[in-house]
Amino acid sequence: QVQLVESGGGLVQAGGSLRLSCATSGRTFSTYAMAWFRQAPGKEREFVTAISMSADRTYYTDSVKGRFTISRDNGKNTAYLQMNSLKPEDTALYYCAARKFFDAGVGGMKYDYWGQGTQVTVSS
């Protein structure tokens, strides 16, 4: 069992930055691909970005390319999401997730474990 705990959300003005963290339990963090999803009020949860087990591959949805960066520290069992140039449309509850494979399915919803989410609000 893997537990994921997100932190780092908050209220920020448009153009600002936030860094989200996803701390995990257990000793198997390095065997999981990690991802970030988000869900805005009234909308479906959507994929944001994913990173492979060894951090050699990443994948981003088009709307965040060039602004968001995913990373991980396997020694600290933690994944990160650096968000720059934030826009009001980035406002959402952000979730981290883990799965055993980094393949064509990383942009889908089939993840083994999910966190509870951290709220990001961007004011205009």
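In short, a report on the structure.

This paragraph deals with the environment of Val-2. Here Val-2 is to be found in the segment before strand 1 (4-7). For the pair Val-2 and Gly-26, spaced 24 residues apart in the sequence, the C-alpha separation amounts to 6.2 Å. Filtering out sequence-adjacent residues up to four positions away, Val-2 remains in contact with Thr-24, Ser-25, Thr-28, Tyr-32 and Tyr-113.

Within the structure shown, the criterion is met by six aromatic pairs. Note on Tyr-111 and Trp-114: the rings are 5.9 Å apart at their centroids and 65° apart in plane angle, and the pair reads as edge-to-face. A residue is classified by how much of its surface remains accessible, and Tyr-111, at 8% relative accessible area, is buried. Using a relative accessible area of 25% as the deciding quantity, one classes Trp-114 as partly exposed. By way of ring pairs, the aromatic residues Phe-37, Phe-47, Tyr-59, Tyr-111 and Trp-114 are connected into one cluster.

Attention now moves to unusual backbone geometry. Positive phi is not limited to glycine here, since Asn-77 has a value of about 55°. Mapped onto the elements of the fold, Asn-77 is located in the loop between strand 7 (68-73) and strand 8 (78-83). Under the relative-accessibility criterion, Asn-77 is labelled partly exposed at 22%. One non-glycine residue with positive phi stands out, namely Ser-85, at about 50°.

Moving on, we get to the sheet that holds strand 3 (residues 18-24). Strands sit in the order 1-3-8-7 across an open sheet of four strands; the sheet is antiparallel. Whereas interior strands pair on both sides, the edge strands pair on one side only; in this sheet they are strand 1 and strand 7. Averaged over neighbouring strand pairs, the angle between their axes works out to 15° when direction is ignored. Where strand 1 and strand 3 come together, four bridges link them in antiparallel fashion. In the sheet register, Ser-7 faces strand 3, and the bridge partner there is Ser-21.

This next bit is on the pairing of strand 4 (residues 33-39). Counting buried residues in strand 4 gives six out of seven residues, a clear majority hidden from the surface. Pairing analysis gives seven bridges linking strand 4 to strand 9 (residues 92-99), with the strands arranged antiparallel. Across the sheet, the residue bridging to Arg-38 is Tyr-94, located in strand 9. With five bridges connecting them, strand 4 and strand 5 (residues 46-51) associate as antiparallel partners. Its bridge partner lying in strand 5, Met-34 is registered against Ile-51.

Tallying each qualifying case throughout the model produces six salt bridges. Across the pair Arg-67 and Asp-90 runs a salt bridge, and its minimum N-O distance is 2.7 Å. In this pair, Arg-67 is assigned in the loop between strand 6 (58-60) and strand 7 and Asp-90 in the loop between strand 8 and strand 9, connecting sequence segments 23 residues apart. What you see here is one network of salt bridges that share partners, running through Arg-38, Glu-46, Arg-67 and Asp-90.

Rules and cut-offs
Residue indices begin from 1 for each chain and proceed along its sequence in written order. In keeping with the model being predicted, local features are shown solely for residues with a pLDDT of at least 70 and side-chain atom pairs are shown and tallied solely at 80 or more, while totals for entire chains, interfaces and linings include all residues. The basis for the side-chain values is all heavy atoms of the structure; hydrogens and waters are excluded. The numbering of helices and of strands both runs from the N terminus, where a helix is a DSSP run of H or I of at least 4 residues and a strand a run of E of at least 2. Any two residues whose heavy atoms approach within 4.5 Å are treated as being in contact. Ring pairs shown here join Phe, Tyr and Trp side chains whose ring centres sit within 6.5 Å, with only the six-membered ring taken for Trp; geometry is labelled stacked below 30 degrees between planes, edge-to-face above 60, and tilted in between. Between buried and exposed lies partly exposed: a residue is buried under 20% and exposed over 50% of the maximum accessible area for its type, with that area taken using a 1.4 Å probe on protein chains only. Any two strands with at least two DSSP bridges between them are considered paired. Here the axes come from fitting lines to C-alpha atoms, over the contacting stretch only for helices, and the angles between their N-to-C directions go from 0 to 180 degrees. In what follows, salt bridge is the name for a side-chain nitrogen of Lys or Arg lying within 4 Å of a carboxyl oxygen of Asp or Glu.

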